[in-house]
Amino acid sequence: MRQRKYSMRRVATVAAAVCVAVVAALWGGSSYMLGYSLDPDPNRADTDSAYALLCGRLPDMRQWTDSLRRNGLLRDTFVAMPGGERHHALWLRGDSARGRTAIVVHGYKDSAQKFLFLGRMYHRDLGFNILMPDLHAHGLSEGEAIGMGWRERHDVLRWAEIAGRMFADPERGSSVVVHGVSMGAATTMCASGERLPGCVKCFVEDCGYTSVWDEFAWQLKEQFGLPPFPLMYTTSLLCGVRYGWRFGEASPLAQVAKCRKPMLFIHGDSDAFVPTWMVYRLYEAKPQPKRIWLAAGSAHAMAYIDHPEEYTRAVRDFLMSVDGFGK
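This text gives an overview of the structure that appears in the document. (Residues numbered from 1 in each chain as written. Predicted model: local features only at pLDDT ≥ 70, side-chain atom pairs only at ≥ 80, totals over all residues. Heavy atoms only, no water.)

1. Brief notes about the overall build of the protein chain
From N to C terminus, the protein chain includes 12 helices and eight strands. Burial status across the protein chain gives 53% buried among its 327 residues. Pairs at least 24 apart in sequence give 75% of the contacts found in the protein chain among residues at least 6 apart. Approximately 15000 Å² of the protein chain is accessible, and the part contributed by carbon and sulfur atoms is 54%. Of the charged side chains in the protein chain, 39 are positive and 34 negative; the average position of the first set lies 8 Å away from that of the second. (Helix = DSSP H or I, 4+ residues; strand = E, 2+ residues; numbered from the N terminus. Buried < 20%, exposed > 50% of the residue type's maximum accessible area, 1.4 Å probe, protein only. Contact = heavy atoms within 4.5 Å. Areas by Shrake-Rupley, 256 points an atom, 1.4 Å probe, with all protein chains shown as cover. Lys, Arg positive; Asp, Glu negative; His and termini not counted. Charge placed at Lys NZ, Arg CZ, Asp CG, Glu CD.)

2. Here's the deal with a nonpolar patch on the surface
A contiguous nonpolar patch, built from Tyr32, Tyr36, Phe224 and Leu226 and spanning about 410 Å² of accessible area, is present on the exposed surface. Tracing the backbone through its elements, the reader meets Tyr36 in helix α1 (residues 2-38). Accessibility expressed as a relative area gives 40% for Tyr36, which makes it partly exposed. (Patch = residues over 30% accessible without salt bridge, like charges linked within 9 Å, V, L, I, M, F, W, Y side chains within 5 Å. Salt bridge = Lys/Arg side-chain N within 4 Å of Asp/Glu carboxyl O.)

3. Quick word on the pattern of salt bridges
Evaluated as defined, the whole model comprises eight salt bridges. The residue Glu171 makes a salt bridge to Arg98 at a minimum N-O spacing of 3.8 Å. On the criterion of sequence distance, the pair formed by Glu171 in the loop between α5 (153-166) and β5 (175-181) and Arg98 in the loop between β2 (86-92) and β3 (100-105) is long-range, its members being 73 residues apart. Judged by relative accessible area, Glu171 falls into the exposed class, the value being 70%.

4. Section: the nonpolar core
Residues Met148 and Trp245 are the most contacted members of the largest nonpolar core, which totals 52 residues. Counting residues per element, this core draws most heavily on α5, which supplies five residues. Ignoring any residue separated from it by four or fewer positions in sequence, one finds Met148 in contact with Ser37, Leu38, Tyr108, Met183, Ala186, Tyr209, Val212, Phe216 and Trp245. The next biggest cluster of nonpolar side chains, apart from the first, holds 41 residues, and it includes Leu54, Val204, Ile266 and Leu319. (Core = buried A, V, L, I, M, F, W, Y, C linked by side-chain atoms within 4.5 Å.)

5. Focus on helix α10 (residues 277-285)
When α10 is considered as a whole, its buried residues turn out to be Met278, Val279 and Leu282. All buried residues of α10 project into a common sector of 95° when viewed along the axis, lining one side. Summarising the contacts, the buried residues of α10 are in contact with α6 (183-192), β6 (200-206), α7 (212-224), α9 (252-256), β7 (263-268) and β8 (290-295). (Arc of directions from axis to C-beta.)

6. A closer look at the sheet that holds β3
The strand order β1-β2-β4-β3-β5-β6-β7-β8 describes an open sheet built from eight strands, whose pairing is mixed. Strands at the two margins of the open sheet, each flanked by one partner only, are β1 (75-80) and β8. Here the strands of the sheet are splayed against their neighbours by 20° on average, with no regard to which way each runs. The pairing of β2 with strand β4 (residues 129-133) spans four bridges and is antiparallel. Residue pairing in the sheet places Leu92 in a bridge with Ile130 of β4. (Pairing = 2+ DSSP bridges. Axes fitted to C-alpha atoms, helices over the stretch in contact; angles between N-to-C directions.)

7. Here's the deal with the packing of helix α4 (residues 116-125) against helix α12 (residues 308-320)
Running from N to C, α4 and α12 cross one another at 60°; their axes reach a closest spacing of 11 Å. Put simply, α4 runs oblique to α12. You can see that α4 and α12 cross each other, and the crossing is right-handed. Contacts from Leu118, Met121, Tyr122 and Asp125 of α4 reach α12 at Tyr311, Thr312, Val315, Arg316 and Leu319. Considering only residue class, the contact of α4 with α12 consists of six nonpolar, one polar and two charged. (Parallel < 35°, antiparallel > 145°, perpendicular 65-115°, else oblique. Left-handed = near helix turned anticlockwise from the far one by under 90°. Nonpolar A, V, L, I, M, F, W, Y, C, P; charged D, E, K, R; others polar.)

Right, dumping it as structure tokens:
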């Protein structure tokens, strides 16, 4: 009898030790995954490096950006967000914009400077004012953790209100398009499902994901060869405890289903980072009016770089169909 009791205690001790080890491993793995995914770039405020990366990627940008900076035309602004954080944006007036403004939203761990090629498209080729914010915890904007477009959606709407007043034309008022790439596209789509300022007329999303859950699960499989269970579940729970949101609720797919404004969907048909199948689901979920353009052979966030003329034409044709821009 004693031997049996001793054996049972031993089994219980081993089982408890295994449970503790599993919980510790899951906690450690979840903490690592959350930090890996949401910690800001420690060099995010290095604007000189951002400009260097932009011009290294697109050498023809150097003359345009150098001229703007030398003549003081490309300007900085800082504003306080509703939560008290100080956020930064670049802005540039268009000589013939007449109240037409593009808010260009950068991608994951990027900054406004790195996406000035789209700013140039809107300003030089389409004749728009441009406002290019650094998202929460990116560039020169404050923030402790990246929100993958979910937390940032309200910040973009705040920038839209500012742009509507800042660039208003005395006769035509303000017409704003929000255009985002990658995580910026997810931010754009998340914003589209909210109550919008009257100046926001339409949206352009370029290679955004269906949801944070879908994208993280995809990357967990692609980068680490792991299934969603259990790590996705525990990491999402930890994100809720630390930052107040969970991966499943951060859903551009659910947000575009509520959007009644026109939206242009852009995606590279060879995108393996945010897989191309996601754009079809997003497009199907969005009510009319909507358009889609696939960039032949383009990988993630490369549609403009691979096809600048076709990209510009797709955006121009879309805007011409939207009240406030083309009419």
